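Each chain is listed here by its residues.
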Number of protein chains: 4
Amino acid sequence: MDRQIDLEDLNRKVNHNYFNAWLGLKVVEAGHGEVVMHLPWRQEIESNRDGNFIHGGILGTLVDTAAAFAIRTVIENAVRTIDMRADYHAPAMGDLTVRARTLKVGRTIATADCRIHNAGGELAASGRAAFIVLDPARRPRQ
Amino acid sequence: MDRQIDLEDLNRKVNHNYFNAWLGLKVVEAGHGEVVMHLPWRQEIESNRDGNFIHGGILGTLVDTAAAFAIRTVIENAVRTIDMRADYHAPAMGDLTVRARTLKVGRTIATADCRIHNAGGELAASGRAAFIVLDPARRPRQ
Amino acid sequence: MDRQIDLEDLNRKVNHNYFNAWLGLKVVEAGHGEVVMHLPWRQEIESNRDGNFIHGGILGTLVDTAAAFAIRTVIENAVRTIDMRADYHAPAMGDLTVRARTLKVGRTIATADCRIHNAGGELAASGRAAFIVLDPARRPRQ
Amino acid sequence: MDRQIDLEDLNRKVNHNYFNAWLGLKVVEAGHGEVVMHLPWRQEIESNRDGNFIHGGILGTLVDTAAAFAIRTVIENAVRTIDMRADYHAPAMGDLTVRARTLKVGRTIATADCRIHNAGGELAASGRAAFIVLDPARRPRQ
């Protein structure tokens, strides 16, 4: 991946967000149009007390957040989520990794895809979010 | 709404879930194919520290959870989310209310729609989730 | 419904579109934020030759088209589809009716929901589409 | 791609469907979990008469159809679409190519992703469909 992108700077932005900070979300790799983020397990994000499955809403959170940061590696404009979709493929358990890639970063709309894997490598969920690019003056990253 | 449905029982199920319990989610009304749930504000669910907006992932959590409970008012079978979509219409702020209604509860697939309102009545988000009905022996609620 | 909205004018716009015209799509009722459209059966829109089911892509076409026309009852701006979702609830057969209602018509994004019924009244499919409002000068209908 | 998969047999199935046959849809490549299909241009599939854009509903049709055939390269069971989503990235014009890949083919639910390109290579649309696997006796292809 592109070493030009400053992980520390991205992580400052991740943490400039109460819920992301509470979750302990972290960008661990980033390139042009792509980020990999880690979510450490904590019991409060689990769903049903009888299983050890992570709540579907947390997986949706990962889709929304990782997609936005993938887009931030391409443009510096602020973006606002229009909609988000998540598909659940297998129980999500333990520490999770989400990889997001931009599909298209247009002048007004940007879209990115995400895949969420369990520590063992299984595809737990995937999804997509669409964003409006907020500032008319599009600013590609240097 | 139907007074037959036992709110206390539904809320026991809501809370038999670590993340719902942490959020303080609560069913406040329920009828056949319909629930209304409340989410009290807490700072950890906010997004960007410069605004006071609730994180899109929390709104996705409300869609997934309220849709599942709307279906539980029609059948007693366990359900598992296949996929979920959330649309963001206006900034979500403060205490939220989510109203979910079933669209179709079939033998194998069940779908419900949700609308999330701010305390002031503005539509903040809406969404839909599709579920697989887990048990072949469908059990309509009495 | 609102009789102010000129059905003939809406239907001219429906037919200013080759595929809609080939389908024979027609607006039969319209009000503020709402349209009802009819799709007459024809064999070429059917799916598998062993059933008499209408192709899922045709139902998606109804979602996209009816949602756009519901929005046109609120604003005169041109809109372009950002994304669309269709859920399939029961086999669609024969002449179909689609009812679309706006969820939110914002300055830049507009969203509408649709339900598609068989002639017998059964809910065959439902869906949602999100649109970008193309012209910065929003023009509410008089 | 896998030459084991019989394109002629797949195309017989594509054409055992009135709408696909009317469209002239054709599988041109297939491998395990993947198909590439071609859609030849015809004027009736165009949208607005002032542009030469292909109707969004046709692009949704490609998502639904190509996703189903990608799954058919993995299992022989019949499938029924639960839901379909399409994102529109750029105007679709002329002959189109759609490439579909399975994300997960489970025992009861199967999901595949699609990308639709214009003849010039531009990404015009993309999408996803989720299917229920109809027969309890899963039959992997030999």
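Since this is a predicted model, take the numbers as computed values, not measurements. (Residues numbered from 1 in each chain as written. Chains lettered and ligands numbered in written order. Predicted model: local features only at pLDDT ≥ 70, side-chain atom pairs only at ≥ 80, totals over all residues. Heavy atoms only, no water.)

**Q** Give me the lowdown on the relation of the copies chain D and chain B, citing residues and values where you can.
**A** For these two chain copies, the linking operation is a rotation about an axis paired with a shift along it. Rotating chain D by 180° and moving it 0.1 Å along the rotation axis overlays it on chain B with an RMSD of 0.1 Å. Taken together, these values place the two copies in the relation of a two-fold axis. An overlap of 88% is found between the interface residues of chain D and their copies at the interface of chain B, pointing to a shared contact surface. (Least-squares fit on C-alpha atoms with pLDDT ≥ 70 in both. Contact = heavy atoms within 4.5 Å.)

**Q** Could you give me a rundown of the interface of chain D and chain B, with the residues and numbers involved?
**A** Tallying the contact residues gives eight residues for chain D and seven residues for chain B. Of the roughly 520 Å² buried between chain D and chain B on both sides combined, carbon and sulfur atoms contribute 67%. A per-residue breakdown of the area chain D buries against chain B is headed by Ile82, Ile109 and Ile132 of chain D, which together make up 54% of the total. Counting the contacts that link chain D with chain B gives one salt bridge. Note that aspartate 83 of chain B is salt-bridged to arginine 85 of chain D, the shortest N-O span being 3.3 Å. Applying the counting rule to chain D against chain B returns one residue pair in polar contact (both at pLDDT 80 or more). In terms of residue count, the dominant contributor to the side of chain D that touches chain B is strand β3 (residues 79-88) of chain D (four residues). Its residues assigned to classes, the side of chain D that touches chain B shows four nonpolar, one polar and three charged. (Buried area = accessible area lost by both parts, 1.4 Å probe. Salt bridge = Lys/Arg side-chain N within 4 Å of Asp/Glu carboxyl O. Polar contact = N/O pair within 3.5 Å; in protein donor to acceptor, adjacent residues only side chain to side chain. Helix = DSSP H or I, 4+ residues; strand = E, 2+ residues; numbered from the N terminus. Nonpolar A, V, L, I, M, F, W, Y, C, P; charged D, E, K, R; others polar.)

**Q** Break down the relation of the copies chain C and chain D for me, citing the residues and quoting the values.
**A** The two copies are related by a screw motion: chain C maps onto chain D through a turn of 180° and a shift of 0.0 Å along the axis, at an RMSD of 0.1 Å. With an isologous cut-off of 70% or more, the 97% of interface residues of chain C that recur at the interface of chain D puts this contact in the isologous class.

**Q** Run through the sheet that holds strand β5 (residues 109-118) of chain C, naming residues and quoting values.
**A** Reading across the sheet, the twelve strands line up as β1(C)-β2(C)-β4(C)-β5(C)-β6(C)-β3(C)-β3(D)-β6(D)-β5(D)-β4(D)-β2(D)-β1(D) and stay open at both edges, with antiparallel pairing between neighbours. A strand with exactly one partner marks an edge of an open sheet, and here the two such strands are β1 (26-31) of chain C together with β1 (26-31) of chain D. Across the sheet, the mean angle from the axis of one strand to that of its neighbour is 20°, orientation sign disregarded. Where strand β3 (residues 79-88) of chain C lies against strand β6 (residues 123-133) of chain C, nine bridges are found, and the strand directions are antiparallel. Each residue of the ladder has a partner; that of arginine 80 of chain C, found in β6 of chain C, is isoleucine 132 of chain C. (Pairing = 2+ DSSP bridges. Axes fitted to C-alpha atoms, helices over the stretch in contact; angles between N-to-C directions.)

**Q** I'd like a rundown of the packing of helix α3 (residues 56-72) of chain C against helix α3 (residues 56-72) of chain D, residues and numbers included.
**A** Working note: a packed helix pair is described by the angle between its axes plus the distance between those axes. Where α3 of chain C meets α3 of chain D, the closest approach of the two axes is 8 Å, and the angle between their N-to-C directions is 145°. As α3 of chain C runs across α3 of chain D, the sense of the crossing is right-handed. Across the interface between the two elements, Gly56, Gly57, Ile58, Thr61 and Asp64 of chain C of α3 of chain C pack against Gly56, Gly57, Ile58, Thr61 and Asp64 of chain D of α3 of chain D. When grouped by side-chain class, the residues that make up the contact of α3 of chain C with α3 of chain D number two nonpolar, six polar and two charged. (Left-handed = near helix turned anticlockwise from the far one by under 90°.)

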